[in-house]
Amino acid sequence: MAKVILRNVNKIYENNIHVVKDNNLEIKDKEFMVLVGPSGCGKSTTLRMIAGLEEITSGEILIGDKVVNNIQPKDRDIAMVFQNYALYPHMSVYQNLSYGLRLRKFPKSEIERRVNEVAGILGLTELLNRKPRALSGGQRQRVAVGRAIIRNPKVFLFDEPLSNLDAKLRVQMRAELSKLHKRLDTTIIYVTHDQVEAMTMGDRITVLNDGLIQQVDTPLNLYDHPKNLFVAGFIGSPSMNFIDGKIEEENGLHFITTGIKIPVPPQHVNKIKKYLGKKVILGIRPENLYLKKEGDIETTIEVIEPMGNEIILYCAIEEIKFIVRIDVREHFKPGDIARMAVKKDYFHFFDPETELNITYGLEE
């Protein structure tokens, strides 16, 4: 297995389209690293540069201790699983799995041993004689994964491999890929635009936007300590509420805006006091707001979305819109006036100019 390092990697296409911008990243040996971000953020391009399918404009990529910039994809000892599975339709599952080994002139006995081993791991033993057209989407995806792992490469690259599956099957395949990583004990780099997929699978997550790495951290730290507005809004579903306001001195520091006055928690005072009289953005996750008969803030419930085990409320205080996540046993209806309280230990304050998190995730 091997670590993967990106050093000042850039990718610039024709017409000066800069899709990957001077990125530095170290993926540890045997780590499950997820690259996540919106469409067009550069995550798939980064993966393809690691694979050698895209030429880098500048910088270095290392697999193990070797710079691979000028090494052909077939010689990088990586395996890639694509979104569209890329199976050969005229070949059986057995032939698809064994194709790479046959190209490399492996002995027949070794090919058979490896195919049977991989088929057993992925639950494909009964399907070895079938053609891809006779398989379900999940079965085709397992064949694509099997064709990658049969070679025992140093690094596995996955490019949105579950995006063509239905919701239930995606959840199942997420679990299967996580179990497979533990079983193979190998390095995996996994690209997705789905932040739920990223949070449930990755040892660490790299969040990208507009070609730039925004933050690299564990799922929990990304959720609890986002470095900037983009990460805070991208990670979490429903996303974090953002409210514009000012820091004012009224018997202590308070965040104040229309209809809202919230004291700054003691642990944030030292970092927030330099913003006295200035604009800031308050970030609060939907689960850190709650409704009750007595609360700090009066709000109107506009829309209710029952989600089975919870309810999502879309609320308003005059022109300010925000989302509250509540327990399914609480009873509200559209048009209700409720009192809202805030879990004050779960604030985030952001600088509106730099968009950096003032209170978390930054060096002192």
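Right above here is the structure, for reference.
Residues numbered from 1 in each chain as written. Predicted model: local features only at pLDDT ≥ 70, side-chain atom pairs only at ≥ 80, totals over all residues. Heavy atoms only, no water.

1. Some thoughts on the nonpolar core
Generally speaking, nonpolar side chains in soluble globular proteins are found buried as a group. The biggest cluster of nonpolar side chains holds 44 residues, and the ones touching the most others in it are L97, V145, F158, L177 and Y190. Not counting residues up to four positions away in its chain, the partners in contact with L97 are V115, V118, L128, V143, G146, R147 and I150. If you look at the next biggest cluster of nonpolar residues, it comprises 30 residues, including Y275, I284, I320 and I358. (Core = buried A, V, L, I, M, F, W, Y, C linked by side-chain atoms within 4.5 Å. Buried < 20%, exposed > 50% of the residue type's maximum accessible area, 1.4 Å probe, protein only. Contact = heavy atoms within 4.5 Å.)

2. Some points on the sheet that holds strand β12 (residues 253-257)
The 5 strands lie next to each other as β13-β12-β11-β14-β20, forming an open sheet whose pairing is antiparallel. The sheet is open, and its two edges are formed by β13 (260-263) and β20 (348-350), each paired on a single side. Between one strand axis and the next, the sheet turns by 40° as a mean value, whatever way the strands run. Pairing analysis gives 3 bridges linking strand β14 (residues 279-284) to β20, with the strands arranged antiparallel. The partner of L282 across the bridge, within β20, is F349. (Pairing = 2+ DSSP bridges. Helix = DSSP H or I, 4+ residues; strand = E, 2+ residues; numbered from the N terminus. Axes fitted to C-alpha atoms, helices over the stretch in contact; angles between N-to-C directions.)

3. Looking at helix α5 (residues 167-184)
The end-to-end C-alpha distance of α5 is 26 Å, a good match for the 26 Å that 18 residues give at a rise of 1.5 Å each. Turning to α5, its buried residues number three or more, namely L169, M173, R174, L177, S178, L180 and H181. If you follow the buried residues of α5, they end up packed against β3 (32-36), α3 (108-122), α4 (137-149), β7 (155-159), β8 (187-192) and α6 (195-201). A side-chain oxygen of the first residue of α5 lies 3.2 Å from the backbone nitrogen of K168; this N-cap is D166. Of the residues flanking the end of α5, it is D185, one or two places downstream, whose phi is positive at about 55°. (Expected span 1.5 Å × (residues − 1). Polar contact = N/O pair within 3.5 Å; in protein donor to acceptor, adjacent residues only side chain to side chain.)

4. Some points on the packing of α4 against α5
Viewed as axis vectors pointing N to C, α4 and α5 meet at an angle of 20°, and their least axial separation amounts to 11 Å. Judged by the inter-axis angle, α4 sits roughly parallel to α5. Relative to α5, the crossing made by α4 is right-handed. Facing G137, G138, Q141, R142, V145 and I149 of α4, the residues of α5 in contact are L169, Q172, M173, E176, L177, L180 and L184. (Parallel < 35°, antiparallel > 145°, perpendicular 65-115°, else oblique. Left-handed = near helix turned anticlockwise from the far one by under 90°.)

5. What to know about the pairing of strand β19 (residues 337-342)
Relative to β19, strand β15 (residues 289-292) runs antiparallel, the two sharing 4 bridges. Counted as the bridge partner of Y290 is A341 from β19. Here strand β16 (residues 297-306) runs beside β19; their pairing, made up of 4 bridges, is antiparallel. Along β19, the bridge assignment pairs E298 with R339.

None of this, on its own, says anything about what the molecule does.
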